[in-house]
Amino acid sequence: MTLVILSNMKQHNAQLNSHIIEYLDYYCNLPDAPGFAVLLKGKWGSGKTWFIKSYCESLREKKRKCLYVSLNGVTSFSEIEEAFLQQQIPFLASKPVAIGINLITQVLKNSLKLDINDAATLNLTTPNMKLTELFTNLEQSILIFDDLERCSINIVNILGYINSFVEHKELKVIIVTDETKLEKNSEYTTIKEKLVGKTFAISLEFDQALENFLKGISNRDASEFLSNSTSLIQDLYNQAQCENLRILKQVVLDFERIFDVLPEKAKNKPELLQEVLKFLTPFSIEIRRGKMLPTDIGRLLEASANMSLKSIGDSRDGFANSNEGQNVSEGKTLKEVISKYPSLRLYDPFPSAVWWQTFFDKGSLDLQELNQSLASSIYFQDENTPKWMKLWHFHHLSDDEFIILLNEVETQYLNRDAEFSDLGILKHVTGLLLYFSDIGLYSKTKEEILTSSKLFIDWLKNNNQSKLVSYSVYTADSMFGAYKGLSFQGAKLQEFQDFCTYLEKAQELARVEILPNLGRELLAIMQSDQWKFHDIISLNNSHDWGVPGLRYAEIPILKDIKTTEFVEGLLQLKFQHQMTIGYAIKERYKFDGNNEKLLEELDWLKSVRNLLLDKVARRKGKPSGHSIQVLIELDLNEAIQKLEATSHRLQQSQNDTAINN
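The following refers to the structure shown. Just so it is clear, the structure is predicted and the values come from calculations on it, not from any experiment.

What counts and what doesn't
Residues numbered from 1 in each chain as written. Predicted model: local features only at pLDDT ≥ 70, side-chain atom pairs only at ≥ 80, totals over all residues. Heavy atoms only, no water. Helix = DSSP H or I, 4+ residues; strand = E, 2+ residues; numbered from the N terminus. Buried < 20%, exposed > 50% of the residue type's maximum accessible area, 1.4 Å probe, protein only. Contact = heavy atoms within 4.5 Å. Areas by Shrake-Rupley, 256 points an atom, 1.4 Å probe, with all protein chains shown as cover. Axes fitted to C-alpha atoms, helices over the stretch in contact; angles between N-to-C directions. Parallel < 35°, antiparallel > 145°, perpendicular 65-115°, else oblique. Left-handed = near helix turned anticlockwise from the far one by under 90°. Core = buried A, V, L, I, M, F, W, Y, C linked by side-chain atoms within 4.5 Å. Polar contact = N/O pair within 3.5 Å; in protein donor to acceptor, adjacent residues only side chain to side chain. Salt bridge = Lys/Arg side-chain N within 4 Å of Asp/Glu carboxyl O. Phe/Tyr/Trp six-rings, centres within 6.5 Å; stacked < 30°, edge-to-face > 60°. Pairing = 2+ DSSP bridges. Nonpolar A, V, L, I, M, F, W, Y, C, P; charged D, E, K, R; others polar. Disulfide = S-S within 2.5 Å.

A count of helices and strands for the protein chain gives 29 helices and seven strands. Within the span of the protein chain, comprising 661 residues, buried residues form 49% of the whole. In the protein chain, 72% of the contacts between residues at least 6 apart in sequence involve partners at least 24 apart. When the accessible surface of the protein chain is summed, it comes to about 32300 Å², and 48% of that surface belongs to carbon and sulfur atoms.

Attention now moves to the packing of helix α2 (residues 18–28) against helix α3 (residues 48–61). In helix packing, the relevant descriptors are the interaxial angle and the interaxial distance, both defined with respect to the helix axes. Packing of α2 against α3 brings their axes to within 12 Å, and their N-to-C directions diverge by 45°. Relative to α3, α2 is oriented oblique. Crossing of α2 over α3 shows right-handed handedness. Here I20, I21, L24, D25 and C28 of α2 lie close against α3, whose contacting residues are F51, Y55 and L59.

Here we take up unusual backbone geometry. Cis geometry is found at the peptide bond from F350 to P351, where omega equals -10°. Within the secondary structure, P351 is located in the loop between α16 (328–340) and α17 (353–362). We note that E170 has phi near 55°; this positive angle belongs to a residue other than glycine. Of note, the phi angle at R416 is positive, near 55°, even though the residue is not glycine. Within the fold, R416 resides in the loop between α20 (399–414) and α21 (423–438).

With that settled, consider the nonpolar core. Counting residues in hydrophobic clusters, the biggest one holds 94 residues, and the most contacted among them are L226, Y237, F255, F283 and W356. If near-sequence neighbours (up to four positions away) are discounted, L226 is found in contact with L210, L214, I217, I233, V252, F255 and L277. I525, L570, L602 and W604 belong to the second largest nonpolar core, which has 39 residues in total.

With that out of the way, let us pick up the side chain of D296. Turning to its location among the elements, D296 is positioned in the loop between α14 (270–288) and α15 (300–308). Overall, D296 belongs to the buried group, its relative accessible area being 8%. At a separation of 2.8 Å, a polar atom in the side chain of D296 contacts the main-chain amide nitrogen of L293.

Our next topic: the pattern of salt bridges. Taken as a whole, this structure holds 20 salt bridges when the rule is applied. Notably, a salt bridge pairs R588 with E601, separated by 2.8 Å at the nearest N-O pair. Of this pair, R588 sits in helix α26 (residues 575–588) while E601 sits in the loop between α27 (592–595) and α28 (602–618); the two residues are 13 residues apart in sequence, bridging distant segments of the chain. With respect to class, R588 is no different from E601; both count as buried.

Per the counting criterion, the structure on display carries 31 aromatic pairs. Ring geometry for Y435 against F436: centres 6.4 Å apart, planes inclined by 50°, an arrangement best described as tilted. Of the residues examined, Y435 reaches a relative accessible area of 24% and is grouped as partly exposed. Judged by centre distance (6.0 Å) and plane angle (90°), the rings of F456 and W459 are edge-to-face.

Pairing within the open sheet is parallel, and its five strands lie in the order β2-β3-β4-β1-β5. At either end of the open sheet lies a strand with only one pairing partner, and these are β2 (66–70) and β5 (196–201). Strand-to-strand, the axes of this sheet are offset by a mean angle of 20°, without reference to chain direction. By the bridge criterion, five bridges tie strand β1 (residues 37–41) to β5 in an arrangement that is parallel.

Okay, the side chain of T281 next. Mapping T281 onto the fold places it in helix α14. Within the structure, the side chain of T281 is placed 3.0 Å from the backbone oxygen of L277, a separation counted as a polar contact. Residue contacts for T281: discarding those within four places in its chain leaves I233, L236, Y237 and V251.

Now for helix α11 (residues 230–240). Counting buried positions over the 11 residues of α11 gives eight, a clear majority of the element. Residue Q241 follows α11 closely and has a positive phi angle near 55°.

We now examine the pairing of strand β3 (residues 142–146). Among the five residues of β3, five are classified as buried, and the element is accordingly described as predominantly covered. Neither face of β3 is left uncovered, since the one carrying I142, I144 and D146 and the one carrying L143 and F145 both have all their residues buried. Looking at chain direction, β3 and strand β4 (residues 172–177) are connected through four bridges and run parallel. Note on β4: the bridge partner recorded for I144 is I174.

Two elements in contact, α11 and α14, have axes whose closest approach is 10 Å; the angle formed by their N-to-C orientations is 35°. The way α11 lies across α14 gives a crossing that is right-handed. For the pair α11 and α14, the contacting residues are L232, I233, L236, Y237 and A240 in the first and Q274, L277, K278, T281, P282, I285 and E286 in the second. In the contact of α11 with α14, the residues fall into eight nonpolar, two polar and two charged.

Attention shifts here to the state of the cysteines. In this structure the tally under the stated criterion is zero disulfides. Free of any disulfide, C28 has its nearest neighbouring cysteine sulfur in C66, separated by 7.7 Å. Distance from the sulfur of C66, which forms no disulfide, to the nearest cysteine sulfur (C56) is 3.2 Å.

See the structure below:
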């Protein structure tokens, strides 16, 4: 059945532009030039260039002279003529002109059929010699001017230049352009009426373009999978109403990159590969045509929640929460993106939202996050998979399996199972139970579940307070409404939001009580293991130190360390270790979004800097004084500037809000 669909699709696409090819064949085969040009139009990325280059190739196969030039960025007519000349004499495109008068003369005689009796008169070796002076023999050539709208020459001048080939040299000319960029120019419209005799709109030849793009990748397994997924990709393109083949080419290249790093067991699962492709394609389309940013991927969950709550138009519309200062139109745009793909949960992608954001924002493949997403997916479950994770994939369970797992997870929950002391897992289980209650799969009410969840938090506060300041809820994907590569079920429910609010308040109270003690522990770590200190306070940690609870990338713990003790401990270290601590502090404030949580440390940093500057003054003329100065200039100053910039931005946002109100 799939083969039949693909065959029909190819036949349909092959017919899309057949009328254009038919007319171009007629036009190019006319015994005499008709005195007008043919214009091919289409939006940027619609495949115009691919189409015309393919047609050029077919002309050359028929031994027809065809000269092509892209006008993109062209600033002078000589550039065009040199491009044509180099196609007539490929030799000139790759060798210096002044390599030998006799050889050049022979080439010119053979290629341009010029009557050159005295080679010296060509003066090829002088700097003033212009190749365009030799641009004389274009008889029977078909000239193709691509990217007209991107030419840097005035539109009137370039059209007049093209018209000289049509009217005075009596040549056949094909112009290719995105006419939407030119239609508002009345001069273009007027000249076009005189110059162009026939206009055609290029249609998207999807399957042929995809087949051509697949030739450019080396991984044959990836190529075969994409070829077999043509209907899926085109369906997503249709849902997006996208006609940009440049994006399609990027999808192909990106998929190959992802495919190459997947473990072999994943490459052998077509369903998994389809999931990756289902999210790669729409994200690529919407990001590359400017409908969303990579950083918006993590915001799709909230946009979806607002859609479900039908809150469009109220004060919380989209992301326009006054506390966050987000723009209303941005939220509506993300809702539009979600609505385009009704069969996809864009807000709950595979791999995780944090993985996709990193991929599109930084172009990097986060293998650790990828492997975690694979491990927590339905595709790689085994007897070691946690029960709550199996329950998360409840759609894949039989009725009996669901009941058994639900009872087991509920028992763990009520018995305060140690596994659920991980706050990310606790949020998952609470969300699952709330969601099951909401859809009628769990007998307890949402109010009862919320009460039980609050009691669990109270129990943690009394018995394991350090868990409430654990890094586990501050992992990168938690900022995307997810944990361990899985989004929180029930995240749209008000009861889940109430639970999260209660949890955050309990965490804040716990931090106030125990952060001073944790600060002293962190100071001891700084003096014993500087890279461990770096990873504990930085988002970019590079090691797994096996120290649960010691992850403070988003917790303002430094302010709970006495500045005098910090400076004293720092100065006891060797220079290279001091530089590691300085680097760690600078890295801590690398990301502006994270700095909002760390603003309380700004005064602490300034105090540390003042103490160090005092040390510099006392050690003036000594190597140790210079070392401290280097640390201040390289690291501390930048950290302070980052926090000050964040503070200024937030203050400006508050001022703007006050003015608007």
